[in-house]
Amino acid sequence: MLGNGSDELIQIVIQSLSVEAGPVLSVSPTFIMYKLLSKVIGKQYLEVPLNADFSLNFPHILEQIKQHKPVCIFLAYPNNPTGNLFDEQQVLRIIASAPGLVVIDEAYMPFAGVTLIDRLVDFPNLLVMRTLSKAGLAGLRFGMLFGHQSWLDELNKIRLPFNINSLTQTSVEFALDHYDFFQDNAQKIVEERSRVFRQLESLPGLDVFPSDTNFILFRTNLLEAEQIFESLLARNILIKCVHKPDTLLDQCLRVTIGTDVENDLFLDSMRDILKENI
Ligand SMILES: Cc1ncc(COP(=O)(O)O)c(C=O)c1O
């Protein structure tokens, strides 16, 4: 099934769930839309905190599944904003233990190179979601949901007719005919990600987290995250301050990998800001 971005597909899946049945379950921190759309639609939403290294708290998730019988579980694979891939065996065991649907959100797949799409044959409750957004076509608004026909037939009843307009359809066909271009671009981003990671790691007062996506999450230990965000902004560099006190995102910032020139500007500015303030 196709959606106006994967955001619309998330909305369709949640809208299809009975409000009286069990909750939607995901982890925390993760992509905000699972929670936001659950709340807007009136579904109960349960979040299981990740471990300090952003891995799944596997026993706790299994316990919550057993206790609350979620009708739908969302797992971003790799996860946003932490950037990591969860352990594949744990994810598969969660799918096997779930009493309802499990949506594996592979938005960042172009940078991770792994997928659970071939496991659709093993699990009738599995849905796999993709988007062209992170491959460089966010403005097209084109998401894809893969799963068993019987589920997609039901979900299709909620989808608004003409949700993918004809201009998007034509543009997507063109983009897919030239998909090598987008794959090469993703490969360049992966290479730049290693370089930015190494250089960020060498700066003082930062914990930099490994990433399988097109962004890097880091924690600042000596300056406030907000101060770094504002200082970068004053230099016309916009990154994301994801700092939330007393959570796993305490003093965290997220930088998206850009062109090599943009990345150098960011790294040079970070070096200056840290030097000036520490
Ligand atoms: C994990 C994840 N899923 C889905 C989306 C939304 O993608 P789309 O642009 O296709 O709606 C995002 C966007 O940030 C994301 O991080």
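It should be emphasised that the depicted structure is a prediction, and the values quoted were computed from it without experimental measurement.

Caption draft 1: The packing of helix H1 (residues 5-15) against helix H2 (residues 33-41), seen in detail. Across the interface, H1 lies against H2 with an axial gap of 10 Å and an inter-helix angle of 45°. By the angle between their axes, H1 is oblique relative to H2. Relative to H2, H1 is oriented so that their crossing is right-handed. Contacts from Asp7, Ile10, Gln11, Ile14 and Gln15 in H1 reach Met33, Tyr34, Leu37, Ser38 and Ile41 in H2.

Caption draft 2: Structural detail: unusual backbone geometry. A cis amide bond, omega 0°, links Ser28 with the succeeding residue Pro29. Assignment of secondary structure puts Pro29 in the loop between strand S2 (24-28) and H2. Here Asn80 and Pro81 are connected by a cis peptide whose omega angle stands at 10°. With respect to the helices, strands and loops of the structure, Pro81 is situated in the loop between strand S4 (72-76) and helix H4 (88-97).

Caption draft 3: Looking closely at the domain arrangement of the chain. What the domain assignment lists for the chain is domain 1 (2-177) and domain 2 (190-277). Here domain 1 and domain 2 have C-alpha centroids that lie 27 Å from each other. Of the residues lining the interface, 16 residues belong to domain 1; the matching set on domain 2 comes to 15 residues. Class assignment of the residues belonging to the side of domain 1 that touches domain 2 gives a composition of 11 nonpolar, 4 polar and 1 charged.

Rules and cut-offs
Residues numbered from 1 in each chain as written. Predicted model: local features only at pLDDT ≥ 70, side-chain atom pairs only at ≥ 80, totals over all residues. Axes fitted to C-alpha atoms, helices over the stretch in contact; angles between N-to-C directions. Helix = DSSP H or I, 4+ residues; strand = E, 2+ residues; numbered from the N terminus. Parallel < 35°, antiparallel > 145°, perpendicular 65-115°, else oblique. Left-handed = near helix turned anticlockwise from the far one by under 90°. Contact = placed C-beta atoms within 7 Å. Domains from an automatic or database assignment. Nonpolar A, V, L, I, M, F, W, Y, C, P; charged D, E, K, R; others polar.

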